[in-house]
Amino acid sequence: MPPPHEPRLSPGNLLNPNPQQRDHDGSVLNSPPSGVQVSFNENLARSPLLDSVAKATLDDNSQSFADTQTKSTPMAGRDFKQNSRRDDHKEEVGTDVGPLIAVKDNGAWARSLYLDLVDDSSIKQFLKFAKKTQIYQGRWIAIPKTPDDEKLLYDPFVKIFNLILAWFVLKLDHIKKLKNLEELDSKLKFASREAINTNLTKMPHKDDYPTKLKSRPDVSVRADGHSFQAPEPKPGKGPLIVGFSNMSSFMEMKLQKQLAVTVKAQDLQVSVYVRQIFIQQPNRRFVRRRVGLNCTDESELGFDTSIQWKVEKKRKVGGTLTTWRADNTEVVYRLCKVEPSITSYDIRGRATQFWPVTDPETGVRYMVSDCWKSEDRVSEHIHLEKVKGMKGVVQMVSIESNRGETKNFRCADAVSHQDFNNRIAIRIVLDTDGESIENFKSPKQLLCSLRDAITGHMQLYLKDLVHRNVLMQNVVLGRIVGGSDPKPGYWGALIDLHLAIEVDRDTATVSVDLRTASRMYCSTAMLRSCMPPAKKGRTVEDTPAQAHLDDLESFLYIYNHIIQKYDRMGVEFPLEGNRSQWEHIPVSALAMAKEAFLAEDTLSVDLGSRWPESCITLLNNFRMFILKQVNAKRRIRHGLAQDRITRTKELITAISGHYESVLGHFEDAIRDLEVGQFKVDRPLAPPSNPGLVTPAAAGKKRAQDEYPDELPQAKRSLRGSKAELEDPDPFAGYTPPSPQTPTKAHKTQLGHVRSPLSQF
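Please read all numbers here as calculations on a predicted model, not as lab measurements.

About the cut-offs
Residues numbered from 1 in each chain as written. Predicted model: local features only at pLDDT ≥ 70, side-chain atom pairs only at ≥ 80, totals over all residues. Heavy atoms only, no water. Buried < 20%, exposed > 50% of the residue type's maximum accessible area, 1.4 Å probe, protein only. Helix = DSSP H or I, 4+ residues; strand = E, 2+ residues; numbered from the N terminus. Pairing = 2+ DSSP bridges. Salt bridge = Lys/Arg side-chain N within 4 Å of Asp/Glu carboxyl O. Axes fitted to C-alpha atoms, helices over the stretch in contact; angles between N-to-C directions. Parallel < 35°, antiparallel > 145°, perpendicular 65-115°, else oblique. Contact = heavy atoms within 4.5 Å. Nonpolar A, V, L, I, M, F, W, Y, C, P; charged D, E, K, R; others polar. Core = buried A, V, L, I, M, F, W, Y, C linked by side-chain atoms within 4.5 Å. pLDDT = per-residue confidence, 0-100. Expected span 1.5 Å × (residues − 1). Phe/Tyr/Trp six-rings, centres within 6.5 Å; stacked < 30°, edge-to-face > 60°. Lys NZ or Arg CZ within 6 Å of the ring centre and 35° of its normal. Left-handed = near helix turned anticlockwise from the far one by under 90°. Polar contact = N/O pair within 3.5 Å; in protein donor to acceptor, adjacent residues only side chain to side chain.

### Focus on the pairing of strand β5 (residues 193-197)
Moving on, step 1. Burial within β5 is extensive, with four of its five residues counted as buried.
Moving on, step 2. Note that β5 and strand β8 (residues 219-223) share five bridges and pair antiparallel. Residue Ala-195 lies in a different strand from β8, and its bridge partner there is Val-221.

Structure follows, in structure tokens:
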């Protein structure tokens with residue numbers, strides 16, 4: 001990223017001073033709309049708006065977009081419910097996995113994978129030894145001939161698996177001296193591999209929402225090594241010996257009489273386990289279920305060994321990530337956390353992960369992005385080269401453009417299947433420390449960071465690109481150097497251009513692989529385009545193109561989420577009403593919930609005692625702007641079919657007014673913060689138990705996975721700092737009310753907006 005204190009330059013000469021007031025669609029007005037709160041000082045000069053060159057470029061690019069982008073990649077509509085029942089969760093995972101690609105070669109490909117690991121003579125020696133243990137006599141006699149319950153298989157198979165592990169994987173020298181298999185069990189308890197009967201072991205799931213789900217694979221292989229760690233101990237409970245975080249593989253067993261269980265049902269059961277392995281082993285690339293695939297070579301097990309951890313007492317305490325600098329020299333970065341700061345919970349898709357790292361030579365922090373991009377999608381590094389030096393968009397430090405392909409993990413029949421889509425692993429080092437905007441430390445930092453990210457979004461459009469993946473974690477704070485405020489343009493930036501497209505891309509090459517997106521910030525129009533699990537046959541032709549207005553709507557949901565979840569000091573409050581369920585309710589219900597939020601006459605949340613009035617007014621103005629666009633889209637959707645294309649083009653090509661309006665509202669609010677001209681509702685008395693107020697950083701789950709010397713600091717006010725003198729603080733000495741303490745109703749007035757959406 002360019003130096004954060006570089007003198008401000010008009011990006012592409014796009015700004016032009018203009019003191020006029022604007023309506024919510026960018027049109028000029030002499031007075032604000034009736035009944036709506038505004039807080040800008042009319043005596044102050046208005047922030048500069050777009051100049052004629054920038055407007056012309058935006059208009060030209062939006063016209064190209066409207067003319068060519070008539071369809072888009074379908075979005076996955078799978079619904080993961082909090083604390084869903086086990087069978088429901090299987091169906092949810094099944095939707096995520098997609099169609100099962102069966103290989104009809106009688107197992108020939110699977111058998112061919114690891115023929116070089118063991119030769120025939122070693123197998124003969126092993127079977128000869130197995131006869132001495134009385135476990136093998138031409139057949140595995142430990143296994144009952146006619147079991148009437150699959151549970152009778154677990155312990156015999158555990159004995160067989162452990163014998164195989166001891167001979168072929170662990171290569172224990174003393175194994176030939178064993179008199180019975182009971183002696184082997186005691187030896188393996190301290191070995192790096194051990195098969196365990198886990199039929200009764202409840203292994204906790206991990207997800208992007210609180211979950212109580214647990215699973216019990218029949219047999220699991222516990223593993224020690226640089227990529228494994230023991231399950232996180234639970235308070236008041238003994239430690240689990242094995243879980244999804246230290247499992248090299250697992251086995252499920254079925255009797256002949258259970259063959260009525262369909263292949264699909266078995267696939268769903270296994271997929272639940274595999275998904276948890278991917279989530280809890282973040283550098284795992286693939287999972288294959290074979291006894292021999294428990295070797296100590298982690299690359300053979302499917303791990304990306306460029307990421308390695310230091311393990312103490314079977315828990316990860318540090319780690320490194322190896323990649324290449326721009327000059328093609330190898331660099332070993334130090335991981336700032338033992339877990340990725342952003343990870344994917346989808347078993348199928350881009351599997352994006354972000355790793356905060358530190359340069360071993362300079363001490364500078366960067367963010368490393370790992371992603372499996374669809375083969376038919378333009379690589380992110382191509383876009384980043386195009387926007388080199390641009391403000392509001394994170395800059396690229398180095399790139400590994402091909403770190404593997406998914407077709408290399410499949411057989412030829414699977415790769416040629418119509419449902420298979422090849423993906424390519426890429427790694428990009430980004431010039432940001434990766435701190436999400438959710439970690440803001442003042443209202444000014446929040447507003448300036450969002451303003452610069454939205455400006456960056458517009459800058460991308462000036463370079464013929466639409467971002468299409470605006471999420472909370474994809475808006476990062478700019479670097480603060482020497483404790484001084486960044487210059488305008490460097491307060492915040494957008495990251496993750498993996499889903500970005502050119503405004504005039506050839507839609508014949510639109511990717512057919514479903515896109516995954518966070519529904520919390522997804523626009524109402526894109527939510528409605530999601531493929532319902534029960535509906536078959538939706539294609540790219542049925543999915544409308546995701547335009548700049550969809551992304552601006554996502555910015556609103558980011559701002560609203562922060563305003564309603566935190567106060568201006570960063571203290572976290574519980575989300576009220578259905579806001580807390582936005583990430584997990586069905587997409588159809590979420591679309592209606594968001595439309596209802598946009599059309600609300602008032603926000604019945606106690607925001608006046610938490611935030612400056614200018615921040616609340618910004619939320620109102622931003623919401624009114626988006627409401628107008630959503631109403632327009634809704635009228636187009638329900639209007640005459642022959643008019644839709646023309647009316648959609650008219651809406652999209654009003655782009656310059658859209659950016660002017662949104663950025664203008666941010667400039668108004670920032671100016672009010674800087675001059676201190678805003679009102680604050682009198683805060684309530686401090687709660688009797690201040691301990692109930694939880695700082696945001698501490699409110700999030702504390703990383704036992706982070707390094708002990710890098711405990712996150714609780715968010716705090718800037719009193720006593722230089723920033724306080726330059727940014728008057730009307731909240732000085734304010735202790736926010738406890739989220740648990742009933743507060744007076746403070747309805748934030750939006751004005752009596754009437755909309756067709758009010759029916760929801």
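More follows now that the structure is in view.
### Description of the pattern of salt bridges
Moving on, step 1. Under the definition given, this model contains 30 salt bridges.
Moving on, step 2. Residues Asp-304 and Arg-403 are paired through a salt bridge, measuring 3.2 Å at the closest nitrogen-oxygen approach. You can see Asp-304 sitting in the loop between α8 (298-301) and β10 (307-312) and its partner Arg-403 sitting in the loop between β15 (396-400) and α10 (412-415), a full 99 residues away along the chain.
Moving on, step 3. Among the residues examined, Arg-403 registers a relative accessible area of 16% and is labelled buried.
Moving on, step 4. Taken together, the shared-partner salt bridges connect Asp-304, Asp-370, Glu-400, Arg-403 and Arg-427 into one network.

### A word on the packing of helix α1 (residues 52-68) against helix α17 (residues 655-675)
Moving on, step 1. Interaxial distance between α1 and α17 falls to 8 Å at its minimum, and their mutual angle equals 125°. With respect to α17, the element α1 is oriented oblique. Contacts between α1 and α17 pair Lys-55, Leu-58, Asp-59 and Ser-62 from the former with Ile-655, Ser-656, Tyr-659 and Glu-660 from the latter.
Moving on, step 2. Of the residues assigned to the contact of α1 with α17, the class counts are three nonpolar, two polar and three charged.

### Section: the pairing of β10
Moving on, step 1. With six bridges connecting them, β10 and strand β11 (residues 315-324) associate as antiparallel partners. Its bridge partner being in β11, Val-311 is matched across the sheet by Lys-316.
Moving on, step 2. Between β10 and β11, which pair antiparallel in sequence order, lie two residues; one of them, Lys-313, sits at a positive phi of approximately 50°.

### Let's talk about the sheet that holds β8
Moving on, step 1. As summarised here, the arrangement of the three strands in space is β5-β8-β9, forming an open sheet in which the pairing is antiparallel. Strands at the two margins of the open sheet, each flanked by one partner only, are β5 and β9 (247-251). When strand polarity is set aside, the average angle formed by the axes of neighbouring strands in this sheet is 20°.
Moving on, step 2. Packing against the sheet, helix α5 (residues 151-169) makes contact with β5, β8 and β9, and its axis sits at approximately 175° to β5.

### What to know about the side chain of Lys-565
Moving on, step 1. Tracing the backbone shows Lys-565 in helix α13 (residues 548-565).
Moving on, step 2. In this view, Lys-565 contacts Glu-438, Val-571, Glu-572, Phe-573 and Leu-575; residues no more than four positions away in its chain are not counted.

### What to know about the sheet that holds β11
Moving on, step 1. Taking strand neighbours across the sheet as the criterion, the seven strands line up as β10-β11-β12-β13-β14-β16-β15 in an open arrangement whose pairing is antiparallel. The strands lining the two open edges of the sheet, one partner per strand, are β10 and β15. Put simply, the sheet's adjacent strands are angled 35° from each other on average, direction ignored.
Moving on, step 2. In this sheet, strand β16 (residues 423-430) lies alongside β15 in antiparallel orientation, the contact comprising four bridges. Considered in β16, the bridge of Met-396 is made with Leu-430.

### Side note on the nonpolar core
Moving on, step 1. One finds Leu-447 and Phe-555 to be the most contacted residues of the largest nonpolar core, which totals 96 residues.
Moving on, step 2. For Phe-555, the contacting residues outside a window of four places in its chain are Leu-450, Ala-453, Ile-454, His-457, Val-470, Val-475, Leu-494 and Phe-622.
Moving on, step 3. Core analysis: the next-biggest nonpolar cluster, separate from the first, contains 31 residues, Tyr-136, Ile-160, Trp-167 and Ala-195 among them.

### A look at the confidence of the model for the chain
Moving on, step 1. Summarising the model, the chain shows a mean pLDDT of 78, and 76% of its residues fall at 70 or more.
Moving on, step 2. The weakest mean pLDDT in the chain belongs to helix α19 (residues 722-726) at 30; the strongest belongs to strand β12 (residues 330-335) at 98.
Moving on, step 3. Per-residue pLDDT stays below 50 along residues 1-47; that stretch engages in 122 contacts with residues further than four places along the chain or on separate chains.
Moving on, step 4. This stretch, residues 533-541, has a pLDDT under 50; its non-local contacts, to residues over four places away or in other chains, come to 16 contacts.

### What about helix α14 (residues 587-599)?
Moving on, step 1. Spanning 13 residues, α14 covers 18 Å between terminal C-alpha atoms, matching the ideal 18 Å at 1.5 Å per step.
Moving on, step 2. Across the 13 residues of α14, 10 count as buried, placing the element largely inside the fold.
Moving on, step 3. Turning to α14, its buried residues are Val-587, Leu-590, Ala-591, Ala-593, Lys-594, Glu-595, Ala-596, Phe-597, Leu-598 and Ala-599.

### Side note on the packing of aromatic side chains
Moving on, step 1. A complete count under the given rule lists 20 aromatic pairs for this structure.
Moving on, step 2. Between Phe-126 and Trp-140, the aromatic rings sit 6.3 Å apart at their centres with planes inclined by 45°, giving tilted as the arrangement. Highlighted residues: Phe-126 in helix α4 (residues 120-132) and Trp-140 in the loop between α4 and α5, separated in sequence by 14 residues.
Moving on, step 3. Take Trp-140: its relative accessible area is 23%, and that puts it in the partly exposed class.
Moving on, step 4. Seen in terms of ring centroids, Phe-286 and Phe-409 are 5.0 Å apart; in terms of plane orientation they differ by 50°. Their pairing is tilted. Linking Phe-286 in the loop between α7 (263-280) and α8 with Phe-409 in the loop between β15 and α10, this pair joins segments that are 123 residues apart in sequence. Of the two residues examined, Phe-286 and Phe-409, each falls in the buried class.
Moving on, step 5. In this structure, Lys-316 packs its charged tip against the face of Trp-309, placed 3.6 Å from the ring centre.
Moving on, step 6. When the ring centre of Tyr-557 is taken as reference, the NZ or CZ atom of Lys-594 above it lies at 4.2 Å.

### Some words on the environment of Arg-85
Moving on, step 1. Checked against the element boundaries, Arg-85 lands in the loop between α1 and α2 (86-97).
Moving on, step 2. Separated by 128 residues in the primary sequence, Arg-85 and Leu-213 place their C-alpha atoms 7.9 Å from one another.

### Overview of the packing of α1 against helix α11 (residues 443-462)
Moving on, step 1. Packing of α1 against α11 brings their axes to within 9 Å, and their N-to-C directions diverge by 70°. Considering the angle they form, α1 stands roughly perpendicular to α11. Like other packed secondary-structure pairs, α1 and α11 cross with a definite hand, here left-handed. Across from Ala-54, Thr-57, Leu-58, Asn-61, Ser-62 and Phe-65 in α1, the residues of α11 making contact are Met-458, Tyr-461 and Leu-462.
Moving on, step 2. Taken together, the residues of the contact of α1 with α11 sort by class into six nonpolar, three polar and no charged.

### Examining the environment of Tyr-521
Moving on, step 1. Positionally, Tyr-521 belongs in the loop between β20 (501-502) and α12 (524-528).
Moving on, step 2. For Tyr-521, a relative accessible area of 7% translates into the label buried.
Moving on, step 3. For the pair Tyr-521 and Asp-550, spaced 29 residues apart in sequence, the C-alpha to C-alpha distance is 9.7 Å.
Moving on, step 4. Ignoring sequence-local partners within four residues, the contact set of Tyr-521 consists of Val-470, Leu-471, Met-472, Ser-554, Tyr-557, Ile-558, His-561 and Lys-594.

### Observations concerning the side chain of Gln-229
Moving on, step 1. Tracing the sequence through the fold places Gln-229 in the loop between β8 and β9.
Moving on, step 2. According to the relative accessible area criterion, Gln-229 is buried, its value standing at 7%.
Moving on, step 3. Separated by 3.0 Å, the side chain of Gln-229 and the backbone nitrogen of Lys-316 make a polar contact.
Moving on, step 4. Discounting chain neighbours no more than four positions away, the residues touching Gln-229 are Ser-245, Asn-246, Lys-314, Arg-315, Lys-316 and Glu-339.

### Some points on unusual backbone geometry
Moving on, step 1. Phi is positive for Lys-313, which is not a glycine, with a value near 50°.
Moving on, step 2. A residue is classified by how much of its surface remains accessible, and Lys-313, at 84% relative accessible area, is exposed.
Moving on, step 3. With a phi close to 70°, Asn-328 is a non-glycine residue in the positive phi region.
Moving on, step 4. Relative to the helices and strands, Asn-328 is located in the loop between β11 and β12.
Moving on, step 5. A relative accessible area of 62% places Asn-328 in the exposed class.

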